[in-house]
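Fold and contact review
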Amino acid sequence: MKIPVGKIFLKWFLRIFMLLCLLLVAFPVVWLAISSFKNQLEFMSDPMAMPQVWRFSNYITAWKEMNLSQYFINSLLLVVGTALLYFVMLSTTSYILAKYRFRLKGAMRMCYFVAMMIPAVLMLTPMYYLFDSIGWTDNLIILMVIYAVISLPASIFMVSGFMAQINDAFLEAARLDGASEFQIFSKIVLPMVRPVLFFSVIGNIMGTWNEYTIALTFISSPEKYPVSIGLHFMENSVGDKGVVFAGLVIALIPVLVLYGLFQKQIQEGVSADEGVKG
């Protein structure tokens with residue numbers, strides 16, 4: 001059977017287009033990695049040239065002398081703490097809104113809907129003055145709570161929608177067998193919505209790692225800076241662009257590793273639609 005010329009043309013057009021998109025995405029990353037081995041003179045003379053000497057010492061300087069190791073640890077603590085809080089609040093709240101009936105359910109949904117419509121940056125000033133008045137600024141734990149809460153509204157609408165599709169017969173059968181509400185939640189509901197929950201948590205982790213504005217507003221002590229703020233101050237204080245780029249590469253590695261390890265789960269979360277139906 002002869003394939004129409006139009007389909008062949010479309011296939012190759014899409015392939016070339018995707019290849020161009022790949023090059024556009026990959027080129028800045030490759031350029032950043034190569035530039036991280038240059039010194040200031042090489043970078044200023046020709047930013048696009050290969051380094052004359054591959055200076056691995058730039059990474060040591062960024063990690064030790066520029067205090068990037070402390071910023072890295074702070075960001076790891078923020079990511080882990082925020083992810084745990086976010087997962088607990090997201091899963092439990094979504095389950096309650098999806099499977100429980102109570103008087104204020106509609107009001108709660110409306111509150112989350114309104115919160116979803118308000119840009120986070122508009123809440124920074126009132127939140128800062130409120131927390132500063134009670135001494136809750138410059139605290140990584142409070143920052144974890146802020147990150148987790150701000151990320152919730154849109155995710156709750158998504159996850160609760162998936163949980164609502166779970167057949168109630170599964171839950172009633174478990175109750176008849178003597179299962180507690182926690183057992184139903186942890187052993188029946190959570191496994192059924194695992195892909196979309198995983199996708200939401202991964203998105204929260206990446207957002208927390210890259211966040212800048214909220215951290216800059218609430219954190220004032222340099223020893224508590226996350227990577228995003230630390231890199232900004234490093235750029236202003238270091239005269240060698242190679243060291244700055246080395247710090248950027250180090251900060252980029254966890255995101256690339258995370259996506260590489262959990263690429264399949266992320267794709268399952270994006271495409272999850274029929275897995276929760278009973």
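Quick caveat, the model's predicted, so the values are computed rather than measured.

Here we take up the overall build of the chain. Summing up its helical and strand segments, the chain has 14 helices and zero strands in all. Overall, the chain shows an N-to-C arrangement of helices and strands of α-α-α-α-α-α-α-α-α-α-α-α-α-α. What you see for the chain is a C-alpha radius of gyration of 24 Å, clearly larger than the 19 Å of a compact globule of 278 residues, by over 25%. Judged by the C-alpha coordinates and their principal axes, the chain covers about 75 × 75 × 35 Å. Buried residues in the chain amount to 36% of all 278 residues. A fraction of 73% describes how many contacts in the chain between residues 6 or more apart in sequence connect residues 24 or more apart. Of the roughly 16,600 Å² of accessible surface on the chain, 71% is carried by carbon and sulfur atoms. Mean positive and mean negative side-chain charge positions of the chain (19 and 16 charges, respectively) differ by 12 Å.

We now examine the packing of helix α12 (residues 227–237) against helix α13 (residues 241–261). Axis separation between α12 and α13 bottoms out at 10 Å; the angle between their running directions is 170°. Relative to α13, the element α12 is oriented roughly antiparallel. Contacts between α12 and α13 involve V227, L231, M234 and E235 from the first element and K241, V243, V244, G247, L248 and A251 from the second. Of the residues contributing to the contact of α12 with α13, the split by class is seven nonpolar, one polar and two charged.

For the largest pocket, the calculated volume is near 270 Å³. Lining the largest pocket are 16 residues, and of these A115, M123, V149, I150 and P153 sit closest to its centre. Only α5 (105–117), α6 (124–133) and α7 (140–164) provide two or more residues apiece to the lining of the largest pocket. It is α7 that contributes the most residues to the lining of the largest pocket, seven residues altogether. Looking at side-chain class alone, the lining of the largest pocket contains 16 nonpolar, no polar and no charged residues. Of the pockets and cavities examined, the second largest pocket occupies roughly 160 Å³. Considering every element that reaches the lining of the second largest pocket, the biggest residue donor is α13, with four residues. Class assignment of the residues belonging to the lining of the second largest pocket gives a composition of eight nonpolar, two polar and no charged.

Here the focus is the confidence of the model for the chain. Looking at the chain, pLDDT values average 89 and 95% of them are 70 or higher. The secondary-structure element of the chain with the lowest mean pLDDT is helix α14 (residues 263–271), recorded at 70, while helix α4 (residues 68–99) shows the highest, at 95.

With that settled, the discussion passes to the pattern of salt bridges. For the structure on display, the rule yields four salt bridges. Where E172 meets R175, a salt bridge forms, and the shortest distance between an N and an O atom there is 3.1 Å. On the criterion of helical spacing, the pair formed by E172 and R175 is a turn pair, its members being three residues apart in helix α8 (residues 168–176). A salt bridge links R175 to E181, with the nearest nitrogen and oxygen atoms 2.7 Å apart. A residue is classified by how much of its surface remains accessible, and R175, at 30% relative accessible area, is partly exposed.

Criteria and cut-off values
Residues numbered from 1 in each chain as written. Predicted model: local features only at pLDDT ≥ 70, side-chain atom pairs only at ≥ 80, totals over all residues. Heavy atoms only, no water. Helix = DSSP H or I, 4+ residues; strand = E, 2+ residues; numbered from the N terminus. Rg over C-alpha atoms; globule rule 2.2 N^0.38 Å. Buried < 20%, exposed > 50% of the residue type's maximum accessible area, 1.4 Å probe, protein only. Contact = heavy atoms within 4.5 Å. Areas by Shrake-Rupley, 256 points an atom, 1.4 Å probe, with all protein chains shown as cover. Lys, Arg positive; Asp, Glu negative; His and termini not counted. Charge placed at Lys NZ, Arg CZ, Asp CG, Glu CD. Axes fitted to C-alpha atoms, helices over the stretch in contact; angles between N-to-C directions. Parallel < 35°, antiparallel > 145°, perpendicular 65-115°, else oblique. Nonpolar A, V, L, I, M, F, W, Y, C, P; charged D, E, K, R; others polar. 1 Å grid on protein atoms, 1.4 Å probe; cavity = no way out; pocket = protein on both sides within 12 Å on 5 of 7 lines; lining within 4 Å. Points joined across faces, edges and corners; volume = space filled by probe spheres on them. pLDDT = per-residue confidence, 0-100. Salt bridge = Lys/Arg side-chain N within 4 Å of Asp/Glu carboxyl O.

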